[in-house]
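Letter by letter, the chains look like this.
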Amino acid sequence: MMRANDCKLSLPLQRRTNSSQLCATLTGIMTQFCSAALVQLLWTMTVLFKVTLSVEHAPMLLWSTWRSQWHPDTTLHEGHIVSTQELAVLLQPVFNQNSKNLILFVQDTLSVDDFTYYSEPYGNKKPFQNVQEILQSSPSSLVLPAVDCKATRYLLGFLQESVDWKLTNITNLDVSQLEVNTSKPNLFVVQLQPFISNLNDVFTLEAIAENDKIIGRLIMGLQERGIHFSVIYAAVRPSRISRRTDVAWELRRQLMATEEEDSLSYPPLNVTNGNYTCILFYASNFSLKANDLFFIDLTNITFVNQNVDISSSKCSDINTTLSLKYTKPVSGINSLEIRFLMTNVFYGGSARNWSTLESVEIVQDDKKFAKFNVSVISAPAEYSFHCQLVGTSNLYPARLIPSNDEAKNWDVFISRFQIQGFNIENSQFSYASDCTSFFTPGIWMGLVTSVVLLWILAYGIHMIMQLTTNSRFDDPKGPALSVPQTE
């Protein structure tokens, strides 16, 4: 039977129990609230961080022969990316100068790290030497470490809308033949040789040094003629790793058959035979250099404007020829034809058909004929072929080897090259066979080093396992241990 004192004690105990439950409930609510707030904060920071990383930016250099073009206090804090509106404000001094002569050097890829990474001379190559000397000696200059690539991509269109320029695409690198009418605004556009900074340092150094010579030659030539001008040195996209929100922290090979970068919006060139597509051709940069004088950029007129004649192209199940004819691509060349000759041959060793680019031919003005043999450009007939760099340089993964004397006068630069001449379905590239081997020199070096280290480790473990202890021990309190020599 419960006594009265027990009843008196039960009420406080129940109150204490309810208070504990209330405290536990409040603690749980506060914990859930803090957790939700923390998750929301982390999610917001992640989104902002990804958005920041998604803005591709490239450096831009500006200098002028006029003084006080840009105020000395025109500096930007570290990490700031110049937007389109900010760039328009910074370019206003160029439009307000007395003599409106503007030179635009356009680089395919460039990053601010390239100026420091490739600052040391390599043999007789001195990258960025002329650019550095010109910046230091110019009366006024401005360095923008990070400019939004969207702004640089439409820079030429913005300049043309701002002033009624006389636009001149400089392909003839002989400055003495350049006509400059100082009574009118002049806009000179120079497309520099492309390079990829993380592919091959030697090739990149040579490309940078060659571009630096072009810049120095043109600038010095205009200065000797007493012409005042301003210069913009810009890049279309960064040369280092491009970060994107949809593939954040994920590295993978991106071929045209799977996914394209945002900056490459134009479709491939297609050749039709009746109602179906028989040839597909794509390149992010397609340019030539003739006799070290004429630089011919065929990218826009081939893929964007498609101002090219492909009527002479031929398609069959065995042989395919892609013919690209241009009318007056540059001053001094009336006509230019480029042919890509491909074959489809069955090989018993692999028991399948292989598509091979046999040769590339260049015909200038229907008289000069240059032929190049091709190395390492082949793929299964059902696939397309892709290579990051194709051209005449010895450092390119896929080379165009001159086959006659006329071909030695030409230099070919093709980046992000992709072609397919057989078995095309739905007017799209098939899976791409890449020219880059899966076992690169770096991978082989890593494998060999790993094998050597594993052998040293195995040898050490084997020697440790061979160690044995003595079968007898000397007792200092007992008689001396005598070990016969026969044991």
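Residue indices begin from 1 for each chain and proceed along its sequence in written order. For a predicted model such as this one, the threshold for reporting local features is a pLDDT of at least 70, and the threshold for listing and counting side-chain atom pairs is 80 or more; totals across whole chains, interfaces and linings nevertheless cover every residue. Hydrogens and water are ignored here; the side-chain numbers use all heavy atoms of the structure.

1. What to know about the pattern of salt bridges
Right, so step 1: Any carboxyl oxygen of Asp or Glu within 4 Å of a side-chain nitrogen of Lys or Arg constitutes a salt bridge here. As enumerated under the stated definition, the model contains 6 salt bridges in all.
Right, so step 2: Residue lysine 408 pairs with aspartate 405 through a salt bridge whose shortest N-O separation is 3.8 Å.
Right, so step 3: The buried label goes to any residue with under 20% of its type's maximum accessible area, the exposed label to any with over 50%, and the partly exposed label to all in between, with areas taken from a 1.4 Å probe on protein chains only. By relative accessible area, which is 59% here, lysine 408 ends up exposed.
Right, so step 4: For aspartate 405, a relative accessible area of 61% translates into the label exposed.
Right, so step 5: If you follow the salt bridges from partner to partner, you end up with Glu337, Arg339 and Glu361 in one network.

2. Quick word on the state of the cysteines
Formally, a disulfide is one covalent bond, and it connects the sulfur atom of one cysteine to the sulfur atom of another.
Right, so step 1: Disulfide assignment relies on a single distance test, namely cysteine sulfur atoms paired within 2.5 Å. Inspection of every chain in the model, using the stated rule, returns 2 disulfides.
Right, so step 2: A sulfur-sulfur distance of 2.0 Å marks the disulfide that ties cysteine 278 to cysteine 315. Where cysteine 278 bonds to cysteine 315 through sulfur, the torsion about that S-S bond is close to 50°, and the disulfide is right-handed. Highlighted residues: cysteine 278 in strand β8 (residues 276-282) and cysteine 315 in the loop between α9 (299-304) and β11 (319-330), separated in sequence by 37 residues.
Right, so step 3: Judged by relative accessible area, cysteine 278 falls into the buried class, the value being 6%.
Right, so step 4: The exposure class assigned to cysteine 315 is partly exposed, which follows from its relative accessible area of 22%.
Right, so step 5: Each bonded cysteine of the chain gets a number by its place in the sequence, and the pairs then read 1-2, 3-4. Starting at the N terminus, helices and strands are each numbered in turn, a helix being any DSSP run of H or I of at least four residues and a strand any DSSP run of E of at least two.

3. So, the nonpolar core
Right, so step 1: Definition of nonpolar core: a set of buried residues of the types Ala, Val, Leu, Ile, Met, Phe, Trp, Tyr and Cys, connected through side-chain atoms within 4.5 Å. In terms of nonpolar packing, the biggest core is built from 49 residues, with Phe281, Phe286, Phe340 and Phe417 touching the most fellow members.
Right, so step 2: For this analysis, residues touch if any pair of their heavy atoms sits within 4.5 Å. Leaving out residues up to four positions away in the same chain, phenylalanine 417 has contacts with Phe281, Tyr282, Phe340, Leu357, Ile377, Phe385, His386, Cys387, Gln388 and Val390.
Right, so step 3: Cys149, Leu205, Ile215 and Leu222 belong to the second-largest nonpolar core, a separate cluster that totals 31 residues.

4. A closer look at helix α5 (residues 129-137)
Since the α-helix packs 3.6 residues into each turn, any two residues three or four apart lie on the same face.
Right, so step 1: Within the span of α5, buried status applies to Asn130, Val131, Ile134 and Leu135. On an axial view of α5, the arc spanned by its buried residues comes to 130°, and they lie on one face. Away from the buried face of α5 by more than 90 degrees, exposed residues Gln136 and Ser137 are located. The reported arc concerns the directions from the helix axis to the C-beta atoms and nothing else.

5. Quick word on the sheet that holds strand β2 (residues 101-109)
Right, so step 1: The strand order across the open sheet formed by 6 strands is β3-β1-β6-β2-β5-β4, and the pairing between neighbours is mixed. The open sheet terminates on both sides in strands that have one partner only, identified here as β3 (140-148) and β4 (166-169). Averaged over all pairs of adjacent strands, the angle between their axes in this sheet comes to 15°, without regard to strand direction.
Right, so step 2: The rule for pairing is simple: two strands pair if DSSP sees at least two bridges between them. Pairing between β4 and strand β5 (residues 186-191): 4 bridges, direction parallel. Bridged to leucine 167 within β5 is leucine 187.
Right, so step 3: Contacting β1 (57-64), β3 and β6 (230-237), α5 runs over the sheet at an angle of about 50° to β1. Axis geometry follows a simple rule: fit a line to the C-alpha atoms, using only the stretch in contact for helices, then measure angles between N-to-C directions, giving values from 0 to 180 degrees.

6. Some remarks on the packing of aromatic side chains
Right, so step 1: What counts as a ring pair is set by centres within 6.5 Å for rings of Phe, Tyr and Trp (its six-membered ring), and what kind of pair is set by the plane angle: stacked under 30 degrees, edge-to-face over 60, tilted for all other angles. Tallying each qualifying case throughout the model produces 12 aromatic pairs.
Right, so step 2: With a centroid separation of 5.4 Å and an interplanar angle of 45°, the aromatic rings of phenylalanine 281 and phenylalanine 303 are classed as tilted. Of the two residues, phenylalanine 281 is situated in strand β8 and phenylalanine 303 in helix α9; the sequence distance between them amounts to 22 residues.
Right, so step 3: Exposure remark for phenylalanine 281: the relative accessible area of 0% places this residue in the buried category.
Right, so step 4: Members of the aromatic cluster, joined through ring pairs, are Tyr266, Phe281, Tyr282, Phe286, Phe303, Phe340, Phe385 and Phe417.
Right, so step 5: Two conditions define a charge sitting above a ring: the NZ of Lys or the CZ of Arg must be within 6 Å of the ring centre, and it must be within 35 degrees of the ring normal. For the cation-ring pair, arginine 352 lies above tyrosine 383, with the distance from its terminal atom to the ring centre recorded as 5.9 Å.

7. Re the confidence of the model for the chain
Right, so step 1: Here pLDDT means the predictor's own confidence in every residue, given as a number from 0 to 100. For the chain, per-residue confidence averages 77 on the pLDDT scale, and residues scoring 70 or more make up 74% of the total.
Right, so step 2: Every residue in residues 47-54 scores below 50 in pLDDT, and together they form 8 contacts with partners more than four places removed in sequence or on other chains.
Right, so step 3: Of the regions scoring below 50 in pLDDT, residues 241-264 engages in 46 contacts with residues more than four places distant in sequence or in other chains.

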